[in-house]
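Now for the letters of each chain:
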Amino acid sequence: MRILGIESSCDETGVGLYDTERGLLAHRVHSQIALHAEYGGVVPELASRDHVRRVVPLVRETLAAADCAPSELDGVGYTAGPGLAGALLVGAAFAEAYAFGLGIPALAVHHLEGHLLSPLLSADPPQFPFVALLVSGGHTQLMRVSGVGAYELLGETVDDAAGEAFDKTAKLIGLDYPGGPALARLAGDGVAGKFKLPRPMLHSGDLQFSFSGLKTAVLTATKGPNWQPDQCADLAAEFQEAVTDVLAAKAFAALKQTGLRTLVVAGGVGANRRLRERLNEMAGRRRIRVHYPELEFCSDNGAMIALAAGLRFALGEKGSREGRFAVRPRWPLSELLPPNAAA
Ligand code: KG4
Ligand code: ZN
């Protein structure tokens, strides 16, 4: 089966083409970073309008790259939530109309399911069951993943997501949007430990996270009497170390609790080099395998949506053929049904 995937939940328009026998055939992403940069964050209305401009050309490019005619498609998957309502509506409207026109089914995909399954796109994919550390701009969750649609929440953040903490802290110290990667780059020039930041909830005895206090601690540090702006890199390094310490400790606690030996890291913060180093270091000592999506599949993309839809279709899910749709800007992953239950 050949499945087209459409992602438009936030500030990337992504299109992927996944073949359930041959794997990913092609994908294209258009990032709106330049569009939102001057506003210091994502402007929802601008995001929606840009998705409108990009989605059709990206679909054409993706199909052309794989030499695939629209008539060869068997289904279309699209991100129906969570995300920005207007942005989601663009992808949903396009996908449902396109599928309806072609007489093939359309399937509403949960964005986080796309992230969770994205490591399966790599050449050496993980086997179920595994523990997933999902760290994106909107979510920080630990999950037990036993199969497609079988996700058990083990713990999550009680306030800011890890990516959100990176973005907000970056803004505090004057870095441009998107702050996460910029903060990580700056941290590379600094030394962790020169400042002392807290490791929130490190010893809470559960798998919950909290990151909003860290941002406040950074703000306090920059207001101190001895603060010099040239200390930004050291502060960034300590911030990154604090987030990494907590994420790594809780991920390994989740492995211990579940008795599983495979960890999968997904979402934009999964691109962070220090986090990867730390997890690999800890895994080596404990004979744990850690899988990461390829860097291009860590941030939002259409390939992971095509994959999630393809796996669900392959497991018998039918999708819809009526061209009707509704998006779910807030859609808890716990409400997602396994494919056989939804079919
Ligand atoms: O998964 P994603 O692309 O979008 C969401 O679904 O949220 O994640 C984006 C988040 C942003 O908060 C961004 O700052 C963060 O991932 N991020 C990073 C890095 N690259 C992206 N955070 C830390 N280090 C990075 N290298
Ligand atoms: Zn995402």
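What you see is a predicted model, and the numbers here were worked out from it, not measured in a lab.

The rules behind the values
- Residues numbered from 1 in each chain as written.
- Chains lettered and ligands numbered in written order.
- Predicted model: local features only at pLDDT ≥ 70, side-chain atom pairs only at ≥ 80, totals over all residues.
- Heavy atoms only, no water.
- Donors = N, O, S within 2.8 Å, 3.2 Å for Na, K, Ca; no water.
- Tetrahedral: all angles 85-135°; square planar, octahedral: opposite > 155°, others 65-115°.
- Pairing = 2+ DSSP bridges.
- Helix = DSSP H or I, 4+ residues; strand = E, 2+ residues; numbered from the N terminus.
- Axes fitted to C-alpha atoms, helices over the stretch in contact; angles between N-to-C directions.
- Contact = heavy atoms within 4.5 Å.
- Phe/Tyr/Trp six-rings, centres within 6.5 Å; stacked < 30°, edge-to-face > 60°.
- Buried < 20%, exposed > 50% of the residue type's maximum accessible area, 1.4 Å probe, protein only.
- Lys NZ or Arg CZ within 6 Å of the ring centre and 35° of its normal.
- Salt bridge = Lys/Arg side-chain N within 4 Å of Asp/Glu carboxyl O.
- Near = heavy atom within 4 Å.
- Polar contact = N/O pair within 3.5 Å; in protein donor to acceptor, adjacent residues only side chain to side chain.
- Areas by Shrake-Rupley, 256 points an atom, 1.4 Å probe, with all protein chains shown as cover.

J.: For this particular structure, what's the right way to read the coordination of the zinc ion (ligand 2)?
T.: Angles between donor atoms at a metal ideally measure 109.5 degrees for a four-coordinate tetrahedral arrangement and either 90 or 180 degrees for a six-coordinate octahedral one. Taken together, the protein ligands of the zinc ion (ligand 2) are His111 (NE2), His115 (NE2) and Asp300 (OD), with distances of 2.0 to 2.1 Å. Every donor counted, the four donor atoms about the zinc ion (ligand 2) form angles of 95 to 137° at the centre, which fits irregular coordination.

J.: Is there a simple way to explain the sheet that holds strand 9 (residues 262–266) in this structure?
T.: Where strands meet in a sheet, backbone hydrogen bonds hold them as pairs that are either parallel or antiparallel. The mixed open sheet is built from five strands, whose spatial order is 8-7-6-9-10. Both edges of this open sheet fall to strand 8 (150–156) and strand 10 (289–291), since each of them pairs with a single strand only. Along the sheet, successive strands turn relative to each other by an average axial angle of 25°, direction set aside. The pairing of strand 6 (residues 130–135) with strand 7 (residues 140–147) spans six bridges and is classified as antiparallel. Within strand 7, the residue paired with Val131 across the bridge is Arg144. Sitting on the sheet, helix 8 (residues 232–258) is in contact with strand 6, strand 7, strand 8 and strand 9, with an inclination near 155° to strand 6.

J.: Please explain the packing of aromatic side chains as it appears in this structure.
T.: The geometry of an aromatic ring pair is captured by two quantities: the separation of the ring centres and the angle between the planes. Counted by the stated rule, this structure contains five aromatic pairs. Aromatic side chains Phe128 and Phe130 sit 5.4 Å apart centroid to centroid with 15° between the ring planes, which places their arrangement in the stacked category. Ring centres 5.9 Å apart and planes at 55° place the aromatic pair Phe195 and Trp227 in the tilted group. Separated by 32 residues along the polypeptide, Phe195 in the loop between helix 6 (179–187) and helix 7 (212–222) and Trp227 in the loop between helix 7 and helix 8 bring together distant segments of the chain. For the pair shown, Phe195 and Trp227 are each scored as buried. Over the ring of Phe252 we find Arg286; its NZ or CZ atom is 5.1 Å from the centre of that ring.

J.: Help me out: how do you make sense of the pattern of salt bridges in this one?
T.: Tallied over the full model, the rule gives 22 salt bridges. Here Arg289 makes a salt bridge to Asp124, at a shortest N to O gap of 2.7 Å. Here the residue Arg289 occupies a position in strand 10, and Asp124 occupies one in the loop between helix 4 (111–117) and strand 6, the gap between them amounting to 165 residues. Exposure remark for Asp124: the relative accessible area of 44% places this residue in the partly exposed category. A salt bridge links Glu164 to Lys168, with the shortest nitrogen-to-oxygen separation between them at 3.1 Å. Of this pair, Glu164 and Lys168 both sit in helix 5 (residues 162–172), four residues apart, which is roughly one turn of that helix.

J.: What's the story with the site of ligand 1 in this structure? I'm lost.
T.: Neighbouring ligand 1 are 19 residues; Gly137, Asp167, Gly180, Gly268 and Asn272 lie closest to it. In the model, an oxygen atom of ligand 1 is placed 3.3 Å from a nitrogen or oxygen of the Gly180 main chain. Here Asp300 contributes a backbone N or O atom positioned 3.3 Å from an oxygen atom of ligand 1. Burial of ligand 1 by the protein amounts to 83% of the accessible area it has alone, namely 550 Å².

J.: Sorry if this is basic, but what is going on with the pairing of strand 7 here?
T.: Regular strands place their side chains on alternate faces of the sheet. Among the eight residues in strand 7, six count as buried, and that is most of the element. Between strand 6 and the antiparallel strand that follows it, strand 7, lie four residues. Bridge analysis of strand 7 against strand 8 gives six bridges, and the strand direction is antiparallel. Its bridge partner being in strand 8, Gln141 is matched across the sheet by Glu156. The antiparallel hairpin formed by strand 7 and strand 8 contains two residues in its connecting segment, where Gly149 sits at a positive phi of about 85°.

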